[in-house]
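Inside the fold
Each chain is listed here by its residues.
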Amino acid sequence: MARRTGIGRAVALVWAREGAQVVVSDANREGGEETVQRVRAAGGDAIFVAADVGNPADAQALVESAVAHDGRLDVACNNAGIGGPGAPLADYPLPACFGRCAHEQTRKRPAPTSRA
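Please read these numbers as outputs of a predicted model, since none were measured by experiment.

Helix and strand counts for the protein come out as 4 helices and 2 strands. A separation of at least 24 residues holds for 49% of the contacts in the protein among residues at least 6 apart in sequence. Working note: accessible area of the protein is about 7600 Å², and carbon and sulfur atoms make up 55% of it.

Our next topic: the confidence of the model for the protein. Looking at the protein as a whole, its pLDDT mean stands at 80, while 69% of the residues score no less than 70. By mean pLDDT, the top-scoring element of the protein is strand β2 (residues 45-50) (95), and the lowest-scoring one is helix α4 (residues 94-106) (57).

The grouping of Val63, Val67 and Leu73 at the surface amounts to a nonpolar patch, some 180 Å² of accessible area in total. Following the sequence through the fold, leucine 73 ends up in the loop between α3 (56-70) and α4.

In a regular helix each residue adds 1.5 Å, so 12 residues correspond to 16 Å; helix α1 (residues 6-17) covers 17 Å between its end C-alpha atoms and thus fits that length. Buried within α1 are the following residues: Gly8, Arg9, Val11, Ala12 and Ala16. Seen along its axis, α1 keeps its buried residues to an arc of 160 degrees; they face one direction. Opposite the buried face of α1, at more than 90 degrees from it, the exposed residues are Gly6, Ile7 and Arg17. A positive backbone phi angle near 105 degrees is found at glycine 19, which sits one or two residues after α1.

Across the 6 residues that make up strand β1 (residues 21-26), a large majority, 5, are buried. When β1 meets β2, the two strands line up parallel, connected through 6 bridges. In the strand pairing of β2, valine 24 is matched with phenylalanine 48. Each parallel crossover has a hand, and the one from β1 via helix α2 (residues 29-41) to β2 is right-handed.

Quick look at the nonpolar core now. Counting 8 residues, the largest nonpolar core consists of Ala12, Ala16, Val22, Val24, Val36, Val39, Ala46 and Phe48. At the level of elements, α1, β1, α2 and β2 are the ones that each hand at least two residues to this core. In this view, alanine 16 contacts Val22, Val39 and Gly44; residues no more than four positions away in its chain are not counted. Counting residues in hydrophobic clusters, the runner-up holds 6 residues, among them Val23, Ile47, Val49 and Leu62.

Reading the values: rules and limits
Residues numbered from 1 in each chain as written. Predicted model: local features only at pLDDT ≥ 70, side-chain atom pairs only at ≥ 80, totals over all residues. Heavy atoms only, no water. Helix = DSSP H or I, 4+ residues; strand = E, 2+ residues; numbered from the N terminus. Contact = heavy atoms within 4.5 Å. Areas by Shrake-Rupley, 256 points an atom, 1.4 Å probe, with all protein chains shown as cover. pLDDT = per-residue confidence, 0-100. Patch = residues over 30% accessible without salt bridge, like charges linked within 9 Å, V, L, I, M, F, W, Y side chains within 5 Å. Salt bridge = Lys/Arg side-chain N within 4 Å of Asp/Glu carboxyl O. Expected span 1.5 Å × (residues − 1). Buried < 20%, exposed > 50% of the residue type's maximum accessible area, 1.4 Å probe, protein only. Arc of directions from axis to C-beta. Pairing = 2+ DSSP bridges. Right-handed = clockwise from strand over helix to strand, strands pointing away. Core = buried A, V, L, I, M, F, W, Y, C linked by side-chain atoms within 4.5 Å.

This is the structure we're talking about:
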């Protein structure tokens, strides 16, 4: 499974070139479908599944779709994330970005549990 742009798109294209059946996923259908078309244009096999992997139900449906399409899931590339403003490092608004990143990473996940 790979994302629709950047690193995820590059991973999808390389995996397809190496013979993998690729499942592209993102909350953004347009970009995901574009990656699928690029994979297919290069001779690869790919499908798109819309999902917000921060949502456990979407993540489960994504895995189920991959298994239904390909018969199994061998490898997953989870590089989901959010972008921040483009700025030189010295000018980067780290506290604001960190807060946003932390919020995005925890907003839909249940609280961690400890096991004794």
